[in-house]
Amino acid sequence: MLFEENALTVTELSKSYGTFIVTNEISFNLGKGEALGIIGPNGAGKTTLFNLISGTTNSDKGSIQYFGQDITKVSARQRCHLGITRSFQVPQPFSGLTTYENVLVAAAFGQEISEAEAKDKAVEALELTSLTSKARQLAGSLTLLDRKRLELARSIATAPRLLLLDEIAGGLTETECNELIELIMTIKNNGVSIIWIEHVLHALLSVVDRIMVLDFGQKITEGKPEDIMKSPEVSSIYLGLDEENIDGQ
Amino acid sequence: MILKSLPKKQIRVFLVLTLITIILASAPWWVSRADIRLLGEFYSFLALAVLWNLLAGYTGLISVGQQAFVGVGGYAMFIVTAKLGISPFLSVPISMLAAALIAGVFAPLLFRLNGAHFAIGTWVAAETISLCFFMVPELGGGAGMSLPTDVVKSIASSRAMREMTIYWLMLGLGLGTIFAVYALLLSKTGLALMALRDNEIAAASLGINIWKTKFVMYIAVAAATGAIGAVIFFQKLRISPESAFSLNDWTIIIIFIVVIGGIGKLEGAIVGTIVFFILRETLADYGVVYLIVLGVFAIIIMMFSRKGIWGMFEEKFKRSLLPVTREP
């Protein structure tokens, strides 16, 4: 699939803690409107990569271009204002606020608009995520699925151009998972670029255009989902079919 | 402007608050002199509790050094009235400015620390400032100084009138603080504060400027604390580093109030102050027993209701006195 414009260009991005390299010269592109899936075993550096892209962690080396702008040194808050939003692996609701207020915060501060202006956008995001009936409920009392929906609703309310999803399908039932996929497809069809880290492969495969495989902080391979799933690297990492290969890393 | 955009519920709260203020303002005509003094003290604790709660409960800045700003406010008042001959009433805004300035100097240093380290840092800062006042002989050093008679007289000529004036100042600060903090919580900044209270990581990732919000709150709370400090020492008429920078009086008791009342809720600080004064007035004659009861009381509340007395009430009855919930 061809995309007219690059939403994100990551070049040789590196991060290490002491001698431990968590992100090792990772480079990749993301087209505008494209959905990229990231897979890899635990500790492969997937979430760290998200922290680097969203700006919560600073990189040691390399650069990040976002719609042609160099954002390598831009703060997390400003990246949010530029349209980069993330959902957290473990939902992080404002538990003492209602569902509606949670989304209102995202709209008002994510888009830097007044509370009155944010109101409609918050209501819209709630409708899109089927949370309208729970608008007045305290976010702390929501079920897991609703908390995940709330993560998405808040992301949507910031008017994102790039959405980073961190294992959002984990822990959900089959039906719940399908609902979530539908929602993510809706967001994607609105032209939002997506990067999605996920262990629930069937969910990932039904949405993404391309898959990148990470292991030991490095990019192992990337390509079309059907090719990637057949590749020996993925088999060795996920199924341990060729243990020598892993030891050889 | 603000009133127009407010839902009916909140307009009603503002009206009730105004009514309470008017009733309390008339207290000197129907309350005994001793009780007026007690009420005045009540308002000052109320304001300090509401402010400490704003800082600790909402922005997560657990300060055990707020006595620094009570002290600086008090001393600033003494300096400008006794040494520079400025009117006592004008000294209140000057005290605010002085406290804000000191906070502005210390904030960039203290904000490098987190959690417990920040708490200890604020305490050390307060002790340092206190020691500076010990070393100034012009201000009486460790012994402190009294407010000169002519300054006292310039508050009001008669003693009764002076007590009333100080009472009104205290009332203005106490209820003014509640008004201001309530209005703040209803504003967009209030939304950020409540988000910050619940989850700092999420707040930052949704575009809230955490550092700026905390910094502005720290300075604003310091300024208001400075004003209260000035008025507290109008009433005391005497100041010394020990009384002005008392960790016990201006911070520990305030923390007790907020913790038993309910941290992170405006009503919590109000309920806590009322409960504290009831306990204090009924147990004051029992000496040490009073402190033991306070301690046991705090422990019980912390073990069984971490959200304090107000939190317990709110959970059970699903009502709030000062509603800040946004309706879709």
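Residues numbered from 1 in each chain as written. Chains lettered and ligands numbered in written order. Predicted model: local features only at pLDDT ≥ 70, side-chain atom pairs only at ≥ 80, totals over all residues. Heavy atoms only, no water.

## Section: the interface of chain B and chain A
(1) Moving on: Opposite the 24 residues of chain B that make contact, chain A presents 28 residues.
(2) Moving on: Together, the buried faces of chain B and chain A total about 2,200 Å²; carbon and sulfur atoms form 66% of this surface.
(3) Moving on: When the buried surface of chain B facing chain A is broken down by residue, K188(B), L206(B) and P328(B) rank first, second and third, together holding 31% of it.
(4) Moving on: E115(A) is the partner of R326(B) in a salt bridge, and the nearest nitrogen-oxygen pair spans 2.9 Å.
(5) Moving on: The interface formed by chain B and chain A includes 10 residue pairs in polar contact (both at pLDDT 80 or more).
(6) Moving on: Elements with a minimum of two residues in the side of chain B that touches chain A: α9 (188–198) and α10 (200–205) of chain B.
(7) Moving on: Sorting elements by how many residues they give to the side of chain B that touches chain A places α9(B) first, with seven residues. (Contact = heavy atoms within 4.5 Å. Buried area = accessible area lost by both parts, 1.4 Å probe. Salt bridge = Lys/Arg side-chain N within 4 Å of Asp/Glu carboxyl O. Polar contact = N/O pair within 3.5 Å; in protein donor to acceptor, adjacent residues only side chain to side chain. Helix = DSSP H or I, 4+ residues; strand = E, 2+ residues; numbered from the N terminus.)

## Some points on unusual backbone geometry
(1) Moving on: For E112(A), which is not glycine, the phi dihedral falls at a positive 55°.
(2) Moving on: Residue position: E112(A) is located in the loop between α3 (99–110) and α4 (115–128).
(3) Moving on: Given the relative accessible area of 54%, E112(A) is considered exposed.
(4) Moving on: Positive phi outside glycine occurs at L237(B), with the angle close to 65°.
(5) Moving on: Here L237(B) is to be found in the loop between α11 (210–236) and β2 (238–239).
(6) Moving on: Owing to a relative accessible area of 25%, L237(B) belongs among the partly exposed residues under this scheme. (Buried < 20%, exposed > 50% of the residue type's maximum accessible area, 1.4 Å probe, protein only.)

## A word on the nonpolar core
(1) Moving on: Within the largest apolar cluster, 159 residues are counted, with the highest numbers of intra-cluster contacts made by L152(A), I184(A), W196(A), Y218(B), F233(B) and F276(B).
(2) Moving on: Both domains that meet at this core, namely domain 1 (6–83 + 160–247) and domain 2 (96–157) of chain A, each give it at least three residues.
(3) Moving on: Look past the residues within four positions of F233(B) in its chain and what remains in contact with it is V70(B), G74(B), M77(B), F78(B), R238(B), I239(B), S243(B), A244(B) and W250(B).
(4) Moving on: Among the nonpolar cores identified, the runner-up in size contains 26 residues, and L8(A), L49(A), L52(A) and L214(A) belong to it. (Core = buried A, V, L, I, M, F, W, Y, C linked by side-chain atoms within 4.5 Å. Domains from an automatic or database assignment.)

## Here's the deal with the pairing of strand β4 (residues 61–66) of chain A
Each regular strand carries side chains that alternate between the two faces of the sheet.
All names here are of chain A.
(1) Moving on: Note: strand β1 (residues 6–17) against β4, five bridges, orientation antiparallel. Paired with S14 across the strands is K61, a residue of β4.
(2) Moving on: Note that β4 and strand β5 (residues 69–70) share two bridges and pair antiparallel. From the neighbouring strand, Q65 faces β5, where its bridge partner is D70.
(3) Moving on: In sequence, β4 turns back onto β5 through a hairpin of two residues, with F67 there showing a positive phi of about 45°. (Pairing = 2+ DSSP bridges.)

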